[in-house]
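Here's the letter readout for the chains.
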Amino acid sequence: KNTICWSNNDLNIKENQSILKETILQGNLVIFPTETVYGIGANGLNPEASKRIYQAKGRPSDNPLILHIADRNDLYKYVRYVSEDAEKLMDAFWPGPLTMVFEKNELVPKETSGGLETVAIRFPKDKTAQQVIKLAGVPIAAPSANISGKPSSTKFEHVLEDFNGRVDIIIDGGPSEIGLESTVIDMTGDIPTILRPGYVTKKMVEKVLKYTVQDVSGTKPTGQVKSPGMKYTHYKPKGEVLLIRGSIEKMAAYVCEQKIKLEGHKIAVICESEYQELFNVNVVPLGSKDNQLQMAHNLFSSLRDMDKESVEYIYIHYLNKDELGYALMNRLEKAAGYQILDL
Ligand code: TXA
Ligand code: MG
């Protein structure tokens, strides 16, 4: 397949706008930037289009897609009920990196909702994302634009690597601003429940609602899970990943030992930039320990770098879980398959 690549400015050209609209209405795939990560999008009201997304990603068909809208009023077209609390969260965080789960109505096909009676809705802040949705004239179902199981894409080059020749259009919006996927919160129960942590933290939600909400995102997946996405392997580089909890000096000593034991193998460390000098192996710095936003911005890219350099053993320093650190560690624990070494 011949993939058309555009910069976000190319979307201001009339002719391209009609190509985009036609592509979506024909049920084909468009990759576009958002403020969180890149999304692989299609007409969310067309079952065949949603199926194409699952195929392209190699994603299990029971893992539901997020429906993206570009106008808050569109929400009421696709869901049965919107609580007062949901309205408050929208006032505070939309457009932005908060996805809310509602009871879906008959307009949303089962293919889009992964067979569930609920649907996740997100109103992204990114202008290009909004433009794509508006031009299409339909809500856009879009999971993160990565092959299932791989780290999400936060750069145009990541998207090309996974999908060049497999989708119709790719729009380059530069590096994703936030770099972590949206917070997902289930609004269908008695108490709102965070299913996936993100830039919008539990604390931020509670500040708006003025009560304590539930968070099931930290539970290691076993048996019954609330969000289908929780039970699948995620973000995994090809090499073996180990999270190391404890002082950075102890970690440096451990890595030094491993370097001798694993002679001839490729080893790398991912850690806060301040500690880079302590290691005698290849280090990919995440960003300053005092700058969680920077670490979020670099996280998926550094995991992808591991594969680019064919690293076989990856040692990652366990980060402070405060605030955004909670979402960062959620991704890293998954990348490590929950393998943690306490030193
Ligand atoms: O930031 C984001 O949310 C990005 C950009 C492209 O918008 N999208 C994204 O989509 O991360 P995806 O498909 O990779 O992750 C969606 C998550 C999955 O964990 C999925 O299981 C959960 O949301 N989800 C979607 N619909 C749901 C539903 N009805 N009930 C529970 N969880 C749901
Ligand atoms: Mg994803």
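Residues numbered from 1 in each chain as written. Chains lettered and ligands numbered in written order. Predicted model: local features only at pLDDT ≥ 70, side-chain atom pairs only at ≥ 80, totals over all residues. Heavy atoms only, no water.

Would you mind showing me how to read helix H6 (residues 156-163) here?
Structural remark: α-helix, 3.6 residues per turn; residues separated by three or four positions point the same way. The complete set of buried residues in H6 reads His158, Val159, Asp162 and Phe163. The buried side chains of H6 occupy one side of the element, clustering within an arc of 100 degrees when seen end-on. The secondary structure elements touched by the buried residues of H6 are strand E2 (30-32), strand E3 (39-43), helix H2 (47-57), strand E8 (169-172) and helix H9 (292-308). (Buried < 20%, exposed > 50% of the residue type's maximum accessible area, 1.4 Å probe, protein only. Helix = DSSP H or I, 4+ residues; strand = E, 2+ residues; numbered from the N terminus. Arc of directions from axis to C-beta. Contact = heavy atoms within 4.5 Å.)

It is not clear to me how the sheet that holds E8 should be interpreted in this structure. Could you clarify?
The pairing of strands in a sheet happens through backbone hydrogen bonds and is either parallel or antiparallel. Taken together, 11 strands build an open sheet; the order of strands is E1-E8-E2-E3-E7-E4-E6-E5-E9-E10-E11 and the sheet is mixed. Because the sheet does not close on itself, it has two edges, and the strands there are strand E1 (4-7) and strand E11 (214-215). By the bridge criterion, 2 bridges tie E2 to E8 in an arrangement that is parallel. If you follow Val30 over to E8, its bridge partner there is Ile169. Its contacts with the sheet put H6 on E1, E2, E3 and E8, and the angle it makes with E8 is roughly 165 degrees. (Pairing = 2+ DSSP bridges. Axes fitted to C-alpha atoms, helices over the stretch in contact; angles between N-to-C directions.)

Sorry if this is basic, but what is going on with the layout of surface pockets here?
Any empty space left between atoms is shown by rolling a water-sized probe over those atoms. By volume, the second largest pocket amounts to about 300 Å³. Forming the boundary of the second largest pocket are 17 residues, of which Tyr199, Thr201, Met204, Glu323 and Leu324 lie nearest the centre. (1 Å grid on protein atoms, 1.4 Å probe; cavity = no way out; pocket = protein on both sides within 12 Å on 5 of 7 lines; lining within 4 Å. Points joined across faces, edges and corners; volume = space filled by probe spheres on them.)

Would you take a moment to explain the site of ligand 1 for this structure?
The local shell around ligand 1 holds 27 residues, among which Thr36, Asn63, His68, Arg122 and Ser182 are the closest. In the model, an oxygen atom of ligand 1 is placed 2.9 Å from a nitrogen or oxygen of the Arg59 side chain. The contact in question runs from an oxygen atom of ligand 1 to an N or O atom on the side chain of His68, over 2.6 Å. Burial of ligand 1 by the protein amounts to 96% of the accessible area it has alone, namely 680 Å². At the level of secondary structure, the elements contributing two or more residues to the shell around ligand 1 comprise strand E4 (66-68), strand E6 (118-122) and strand E10 (193-196). Element by element, the count of residues in the shell around ligand 1 is highest for E6, at 4 residues. Partitioning the shell around ligand 1 into residue classes produces 14 nonpolar, 9 polar and 4 charged. (Near = heavy atom within 4 Å. Polar contact = N/O pair within 3.5 Å; in protein donor to acceptor, adjacent residues only side chain to side chain. Areas by Shrake-Rupley, 256 points an atom, 1.4 Å probe, with all protein chains shown as cover. Nonpolar A, V, L, I, M, F, W, Y, C, P; charged D, E, K, R; others polar.)

What should I look at first to understand the environment of Ile170 in this one?
Here Ile170 lies in strand E8. Separated by 110 residues in the primary sequence, Ile170 and Asn280 have C-alpha atoms spaced 39 Å apart. Not counting residues within four places of it along the chain, the set of residues in contact with Ile170 comprises Thr3, Ile4, Cys5, Trp6, Ile31, Phe156, Val159 and Leu160.

How should I be thinking about the packing of aromatic side chains in this particular structure?
Here the distance between the centres and the angle between the planes together describe a pair of aromatic rings. This model, assessed by the stated rule, comprises 3 aromatic pairs. Judged by centre distance (6.2 Å) and plane angle (75 degrees), the ring pair of Trp94 and Phe123 falls under edge-to-face. Here the residue Trp94 occupies a position in the loop between helix H4 (84-93) and strand E5 (98-103), and Phe123 occupies one in the loop between E6 and helix H5 (127-136), the gap between them amounting to 29 residues. Take Trp94: its relative accessible area is 9%, and that puts it in the buried class. For the cation-ring pair, Arg245 lies above Tyr318, with the distance from its terminal atom to the ring centre recorded as 4.7 Å. (Phe/Tyr/Trp six-rings, centres within 6.5 Å; stacked < 30°, edge-to-face > 60°. Lys NZ or Arg CZ within 6 Å of the ring centre and 35° of its normal.)

Read these as geometric descriptors, not functional statements.
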